[in-house]
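# Structural description and commentary
Listed here are the chains, written in short residue letters.
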Amino acid sequence: MNYKFIVFEGIDGSGKTTQSKMLSNKIKGVYTYEPTEGDIGKVIRGALSGKRAYRKETLALLFAADRMEHVPIIKEMLKNKHVVCDRYLYSSMVYQSIQGVELDFIININKFSIRPDVLIFLDVDIEESINRMGKRDKEIFENREMLELVSKKYYEIIKNKVFEPKYGYIIIDTSKKTIEDVHNEIIENLRDKGIL
Ligand code: TYD
């Protein structure tokens, strides 16, 4: 059996975490995410909450370092199961480049990242994203202006096929759809592509 590495990306409030966990359950895969719960991931979360300010390049290096530790674990898990990863290198390309870090630099420091089989990009109206996030504590990237920039940047990365996944992309607008509908749409798309 050839197990697949499936990556979810999307703006905050797009339903990534819910959908990636649901898919992982459905296909009896492993759910994992970035930033991780490792030591470096913890430093990153401190920076995201605004508790500690780092230079933008330092933050990019921290995400890359966190991923460098994560990738061998993913490779190991892929020997026995499908792996569903909630955010990956594309998040660095989007968020860190919006912060002003050069895309080439981001790609370089992430050169040991493995190519996913497919990238599932979940889109959502900015208004709905803000509503879905509700009152939960906002991280530094969670405001309207940023959400718009993030969405635009994801489309740019996808259009330019930067680090194109083996089976390409699945793009789903989750606005006004139920969790169940989006889940079924994901499964259908994965089957159409011959991934499942
Ligand atoms: P987290 O709350 O863990 O995830 P989510 O918002 O998906 O529930 O926070 C992740 C934040 O980190 C999110 O705002 C995007 C950002 N991020 C980067 O800037 N670069 C990266 O490489 C990754 C993986 C995440």
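Check the entry above for the structure.
What counts as what
Residues numbered from 1 in each chain as written. Predicted model: local features only at pLDDT ≥ 70, side-chain atom pairs only at ≥ 80, totals over all residues. Heavy atoms only, no water. Helix = DSSP H or I, 4+ residues; strand = E, 2+ residues; numbered from the N terminus. Polar contact = N/O pair within 3.5 Å; in protein donor to acceptor, adjacent residues only side chain to side chain. Contact = heavy atoms within 4.5 Å. Phe/Tyr/Trp six-rings, centres within 6.5 Å; stacked < 30°, edge-to-face > 60°. Buried < 20%, exposed > 50% of the residue type's maximum accessible area, 1.4 Å probe, protein only. Lys NZ or Arg CZ within 6 Å of the ring centre and 35° of its normal. Expected span 1.5 Å × (residues − 1). Core = buried A, V, L, I, M, F, W, Y, C linked by side-chain atoms within 4.5 Å.

The next subject is the side chain of arginine 87. The topology assignment puts arginine 87 in the loop between β3 (83-86) and α4 (89-98). Among the polar contacts listed, one links the side chain of arginine 87 to the side chain of tyrosine 154, at a separation of 3.3 Å. Residues within four places of arginine 87 in sequence aside, it is in contact with Phe8, Glu9, Gly10, Asp12, Lys16, Glu34, Tyr95 and Tyr154.

With that out of the way, let us pick up the packing of aromatic side chains. Within the structure shown, the criterion is met by six aromatic pairs. Seen in terms of ring centroids, phenylalanine 121 and tyrosine 154 are 4.9 Å apart; in terms of plane orientation they differ by 45°. Their pairing is tilted. Taken together, the residues phenylalanine 121 in strand β4 (residues 118-123) and tyrosine 154 in helix α7 (residues 144-159) connect sequence positions 33 residues apart. With respect to burial, phenylalanine 121 and tyrosine 154 carry one shared label: buried. Above the plane of the ring of tyrosine 54 lies arginine 52, whose end atom (NZ or CZ) is 4.4 Å from the centre. Here the guanidinium or amino end of arginine 67 rests over the ring plane of tyrosine 88, the centre of that ring lying 5.8 Å away.

What follows is about unusual backbone geometry. Cis geometry is adopted by the peptide bond preceding proline 35, which originates at glutamate 34 and carries an omega value of -5°. Residue placement: proline 35 occurs in the loop between β2 (30-33) and α2 (39-48). Phi is positive for arginine 87, which is not a glycine, with a value near 75°. Despite not being glycine, phenylalanine 163 shows a phi value in the positive range, around 55°. Secondary-structure assignment places phenylalanine 163 in the loop between α7 and β5 (169-173).

Under the 1.5 Å per step criterion, the end-to-end length of helix α3 (residues 56-77) is 31 Å for 22 residues, consistent within 8% with the ideal 32 Å. Along α3, the residues that are buried comprise Leu59, Ala60, Leu62, Phe63, Ala64, Asp66, Arg67, His70, Val71, Ile74 and Met77. In the core, the buried residues of α3 are packed alongside β1 (5-10), β2, α2, β3, α4 and α5 (103-109).

Attention now moves to the nonpolar core. With 42 residues, the main nonpolar core has Phe5, Ile74, Tyr88, Tyr90 and Met93 as its most contacted residues. At eight residues, α3 tops the list of elements feeding residues into this core. Beyond its immediate stretch of four places on either side in the chain, tyrosine 90 contacts Val7, Glu9, Pro116, Leu119, Tyr154, Ile157, Val162, Phe163 and Pro165. Membership of the second largest hydrophobic core comes to 15 residues, among which are Ile6, Ile27, Ile187 and Ile195.

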